[in-house]
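# Summary of structural features
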Amino acid sequence: MHHLLTLDGLPRATVVGLLDRAQHFADTPGDFDALRGAAVCTLFFEPSTRTRMSFQLASQRLGAHVLNFDVSTSSARKGETALDTMRNLEAMGVRGFIVRHHDDGAVARLADAARPETALLNAGDGRSNHPTQGLLDMLTLRQAKGDDFSRMRIAIVGDVKHSRVARSDLHALRALGTGDIRVCGPASLLPDDGTLADCNVTHDVDEALDGVDAVMTLRLQRERMEDGLVDSLEDYHRHYGITAERLRRAAPDAVVMHPGPINRGVEITDEVADGPRSLILRQVANGVAVRMAVLERLLGR
Ligand code: NCD
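To keep things clear, this report deals only with the structure shown in the data block. Computed from a prediction, not measured in an experiment: that's the story for all the values here.

Further remarks concern the sheet that holds strand β8 (residues 214-217). Strand order in this open sheet of 5 strands is β7-β6-β5-β8-β9, and the pairing throughout is parallel. Each of the sheet's edge strands pairs with one partner strand only, and the pair in question is β7 (200-202) and β9 (255-257). Taking the axes of each pair of neighbouring strands and ignoring which way they run, one obtains an average angle of 20 degrees across the sheet.

This is the structure we're talking about:
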């Protein structure tokens, strides 16, 4: 593996190997020196809290020098392209680029143009891919439900159409052989491009939640949405919001996940988000460990 652009098509053994290594990092506090002396840069053209901070922390725990490119104070404001930005940073000796971009495929295009020794890590491109989120979600599921994904019933609920998280979760769930993948949302927020070909698709959230082991909720991503796809937030919540009452339909020990940031009271209630079944902050914790595993794999000595 030279770059991490997508989880699509990754062999099961590669995914499991990364999760095992991430679990080791999660279980082992303290610092490591796999990236000692290497320079990495977070190159984010879109906002981020969790992904960027956890990549920074992961790089630092591995001993790297970490540069944080801030688009609002950089020469991108003068029109410098992402490619020229990367080339200039490569010239300074940066070997790893952790990139988030609003355009689908933007990170892959940078990877094509990069020097042979440069590694690109996709931290989210458009609606397409968010591979480290997919991996951290699998680590979280595995910790809660064991490693036999063939027995798992998983519901992904919400704005799947605009979600790179959902796409990467689907790639990872398939790689791990998940038995029952259900996808639920209003027709206007489900992709019709073949993404859901092998999933059990429903518009009825009670049906989607029936007996599931985990509910993966998604944010309504209004910044990527044309107007009119949802009638109102109240209406969306009434039909698709995950409430404590709805959750009673799931398995008694079902867990709830959300990639963040949460629109509280829209896709999920406070009671569920902050309740005993919520793994939302466990996902965040696992993000550091998973990103350490990926950085070590791509850039480690
Ligand atoms: C997600 C993203 O940016 O794709 N956030 C994240 O990385 N945890 C999900 C979202 O924005 O809703």
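The subject of this paragraph is the layout of surface pockets. Empty space among the atoms becomes visible once a probe the size of a water molecule is rolled across them. Its boundaries defined by the atoms lining it, the largest pocket holds a volume of some 360 Å³. Elements represented by at least two residues in the lining of the largest pocket include exactly α2 (50-61) and α6 (164-175). When the residues that make up the lining of the largest pocket are grouped by side-chain class, the tally is 5 nonpolar, 8 polar and 7 charged. A domain-level breakdown of the lining of the largest pocket finds at least three residues from each of domain 1 (12-130 + 287-299) and domain 2 (131-283).

Moving on: the site of the ligand. Inspection of the region around the ligand gives Arg50, Thr51, Arg100, His130, Gln133, Arg164, Val165, Arg219, Gln221, Pro259, Gly260 and Pro261 as its neighbouring residues. Histidine 130 has a polar side-chain atom sitting 2.7 Å from an oxygen atom of the ligand. In the environment of the ligand, a nitrogen atom lies 2.8 Å from a nitrogen or oxygen atom belonging to the backbone of proline 259. Bound to the protein, the ligand loses 93% of the 320 Å² it would expose on its own. Spatially, the ligand is embedded in the largest pocket. Broken down by secondary-structure element, the contributors of at least two residues to the shell around the ligand are α2 and α6.

Another point: the sheet that holds strand β3 (residues 94-101). Ordered by their spatial adjacency, 4 strands build an open sheet running β2-β1-β3-β4, and the pairing between neighbours is parallel. Of all the strands in the sheet, just β2 (65-70) and β4 (119-125) have a single pairing partner and so form its edges. Sheet twist, expressed as the average angle between the axes of neighbouring strands with direction ignored, equals 15 degrees. The sheet contact formed by β3 and β4 spans 5 bridges and is parallel. Note that in β4 the partner of isoleucine 98 across the bridge is leucine 121.

Once that is clear, we can look at the nonpolar core. Residues Leu35, Leu135, Met138, Ile156, Leu173 and Leu295 are the most contacted members of the largest nonpolar core, which totals 60 residues. Summarising the domain contributions, this core has at least three residues from each of domain 1 (12-130 + 287-299) and domain 2 (131-283). With near-sequence residues (within four places) excluded, leucine 295 lies in contact with Leu35, Phe55, Ala58, Ser59, Leu62, Ile98, Leu121 and Gly300. Judged by nonpolar contacts, the second largest core, of 26 residues, contains Val157, Leu189, Val230 and Ala251.

This brings us to α6. The α-helix advances 3.6 residues per turn, and as a result positions three or four apart in sequence lie on the same side. In this model α6 runs 17 Å from its N-terminal to its C-terminal C-alpha over 12 residues, within 8% of the 16 Å that 1.5 Å per residue would give. With 11 of its 12 residues buried, α6 lies for the most part within the structure. Burial in α6 covers these residues: Arg164, Val165, Ala166, Arg167, Ser168, Asp169, Leu170, His171, Ala172, Leu173 and Ala175. Measuring from the backbone nitrogen of valine 165 back to the side-chain oxygen at the start of α6 gives 3.2 Å, which picks out serine 163 as the cap. Trailing α6 by a residue or two, glycine 177 shows a phi angle of about 75 degrees, which is positive.

Three or more residues of helix α3 (residues 82-91) are buried, namely Ala82, Thr85, Met86, Leu89 and Glu90. Buried residues of α3 fall within an arc of 135 degrees about the axis and therefore sit on the same side. Of the surrounding elements, those touching the buried residues of α3 are β1 (39-44), β2, β3, α4 (106-113) and β4. Glycine 93, located one to two residues past α3, shows a positive phi value of around 100 degrees.

Turning to the pattern of salt bridges, a few remarks are in order. For the structure on display, the rule yields 15 salt bridges. A salt bridge links glutamate 296 to arginine 21; the shortest N-O distance between them is 2.7 Å. Pair noted here: glutamate 296 is in helix α11 (residues 280-299) and arginine 21 is in helix α1 (residues 12-27), with a separation of 275 residues, a long-range link. The class of arginine 21 is partly exposed, set by a relative accessible area of 30%. Arginine 219 serves as the salt-bridge partner of glutamate 223, at 2.7 Å between the closest nitrogen and oxygen.

Conventions we followed
Residues numbered from 1 in each chain as written. Predicted model: local features only at pLDDT ≥ 70, side-chain atom pairs only at ≥ 80, totals over all residues. Heavy atoms only, no water. Pairing = 2+ DSSP bridges. Helix = DSSP H or I, 4+ residues; strand = E, 2+ residues; numbered from the N terminus. Axes fitted to C-alpha atoms, helices over the stretch in contact; angles between N-to-C directions. 1 Å grid on protein atoms, 1.4 Å probe; cavity = no way out; pocket = protein on both sides within 12 Å on 5 of 7 lines; lining within 4 Å. Points joined across faces, edges and corners; volume = space filled by probe spheres on them. Nonpolar A, V, L, I, M, F, W, Y, C, P; charged D, E, K, R; others polar. Domains from an automatic or database assignment. Near = heavy atom within 4 Å. Polar contact = N/O pair within 3.5 Å; in protein donor to acceptor, adjacent residues only side chain to side chain. Areas by Shrake-Rupley, 256 points an atom, 1.4 Å probe, with all protein chains shown as cover. Sits in = over half its atoms within 2 Å of the grid points. Core = buried A, V, L, I, M, F, W, Y, C linked by side-chain atoms within 4.5 Å. Buried < 20%, exposed > 50% of the residue type's maximum accessible area, 1.4 Å probe, protein only. Contact = heavy atoms within 4.5 Å. Expected span 1.5 Å × (residues − 1). Arc of directions from axis to C-beta. Salt bridge = Lys/Arg side-chain N within 4 Å of Asp/Glu carboxyl O.

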